[in-house]
Amino acid sequence: MHALIRTARTTGLLYLGLAVTGALGFLLIRPRLFTVDDPGATLAALVEHESLARAGVALELLIVVTQALAAAWFYRLFRTADPLAAGGIAAFGLVNAVAILASAALLATAVQVGLNPVGDAAAAVQVLYLVSGNLWGVGALFFGLWLIPMGSCVLRSGWMPRPLGWILVGGGIAYLLGAFVRYLVPDASGIADALALPATVGEFWMVGYLLVRGVRRHALDQAPSNEPTAAPAAS
């Protein structure tokens, strides 16, 4: 198998791992444990479902691992096509991974406080979950930012469909706007969710393309088997 295809498919697998762990941890487990307006219920759920709470911490750690590795592999894939943009993917992805790493530490602390109460355990656990959620909220800036250079790499390299590149760029910008909307207009969460849709479409398209096609064939014709090089943009 051509080295460029191997790199693309490894990148796709890591990106898929990021999507799966993120969905399981933030969208599935967290809502089962955290009640926004009831600290007592949050504490009770955490104590009753200790294994689930610990799984939530483990999933956040897996998010960190998969995002950090995906950032590195995106750089490896696109470094010769657009070194600056490829570096941007890596840098922004790593910053977001650090934000989630801090969130995982807070969730781990919440488990410890819930099982071995110190002072007002319910209030402490609630605050830890709130800060964890806000780390996800502010970290969304860098998740949006990493999509913009990713789209630029698609457009500059010509290795993937140009509409995918534009959706990634537009989705990244919309994701950035959504992060501000959540804090500036907290009652407009529906708008923020709608702004995230283009990014979601672009991400799943990117994952699917990397796993199924890897890159367009003309990229393979012009890249040596042991090192990917840039191909001219598709017309």
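Refer to the preceding data block for the structure.
The rules behind each value
- Residues numbered from 1 in each chain as written.
- Predicted model: local features only at pLDDT ≥ 70, side-chain atom pairs only at ≥ 80, totals over all residues.
- Heavy atoms only, no water.
- Helix = DSSP H or I, 4+ residues; strand = E, 2+ residues; numbered from the N terminus.
- Rg over C-alpha atoms; globule rule 2.2 N^0.38 Å.
- Buried < 20%, exposed > 50% of the residue type's maximum accessible area, 1.4 Å probe, protein only.
- Areas by Shrake-Rupley, 256 points an atom, 1.4 Å probe, with all protein chains shown as cover.
- Expected span 1.5 Å × (residues − 1).
- Contact = heavy atoms within 4.5 Å.
- Phe/Tyr/Trp six-rings, centres within 6.5 Å; stacked < 30°, edge-to-face > 60°.
- Core = buried A, V, L, I, M, F, W, Y, C linked by side-chain atoms within 4.5 Å.
- Polar contact = N/O pair within 3.5 Å; in protein donor to acceptor, adjacent residues only side chain to side chain.

Asker: Explain the overall build of the protein to me, and be specific about the residues and the numbers.
Answerer: When its secondary structure is counted, the protein shows eight helices and zero strands. For the protein, the α and β elements follow one another from N to C terminus as α-α-α-α-α-α-α-α. For a compact globule of 235 residues, the expected C-alpha radius of gyration is about 18 Å, and the protein comes in at 20 Å, within 12% of that figure. Scored against the burial criterion, the 235 residues of the protein give a buried share of 47%. In the form shown here, the protein has an accessible surface area of approximately 10800 Å², with 69% of it arising from carbon and sulfur atoms.

Asker: I'd like a description of helix α6 (residues 162–184), backed by residues and values.
Answerer: If you check α6, its first and last C-alpha atoms are 33 Å apart, about what 23 residues at 1.5 Å a residue would give, namely 33 Å. Listed as buried for α6 are L164, G165, L168, V169, G171, G172, A174, L176, G178, A179 and V181. Packed against the buried residues of α6 are α5 (121–157) and α7 (189–212).

Asker: Give a detailed account of the packing of aromatic side chains, specifying residues and quantitative values.
Answerer: Scanning all chains against the criterion turns up 10 aromatic pairs. Summarising the aromatic geometry, the rings of F92 and F142 are spaced 6.2 Å apart at their centres and angled 45 degrees between planes, so their arrangement reads as tilted. In this pair, F92 is assigned in helix α4 (residues 83–115) and F142 in helix α5, connecting sequence segments 50 residues apart. Residue classification places F92 among the partly exposed residues on the basis of a relative accessible area of 26%.

Asker: An account of the nonpolar core is needed here, citing residue identities and associated values.
Answerer: Y15, F74, F78, W146, M150, M160 and M206 are the most contacted members of the largest nonpolar core, which has 36 residues in total. Contributions of two or more residues to this core are made by α1 (3–33), α3 (50–78), α4, α5, α6 and α7. If sequence neighbours within four positions are ignored, Y15 has contacts with A70, F74, W146, L147, M150, E203, M206 and V207. I29, A45, L46 and L128 belong to the second-largest nonpolar core, a separate cluster that totals 19 residues.

Asker: Break down the side chain of T21 for me, with residues and values.
Answerer: Relative to the assigned elements, T21 resides in helix α1. T21 sits in the buried class, given a relative accessible area of 9%. Within polar-contact distance, the side chain of T21 engages the backbone oxygen of G17 at 2.8 Å. A polar contact of 3.2 Å, which involves the side chain of T21, links it to the backbone oxygen of L18.

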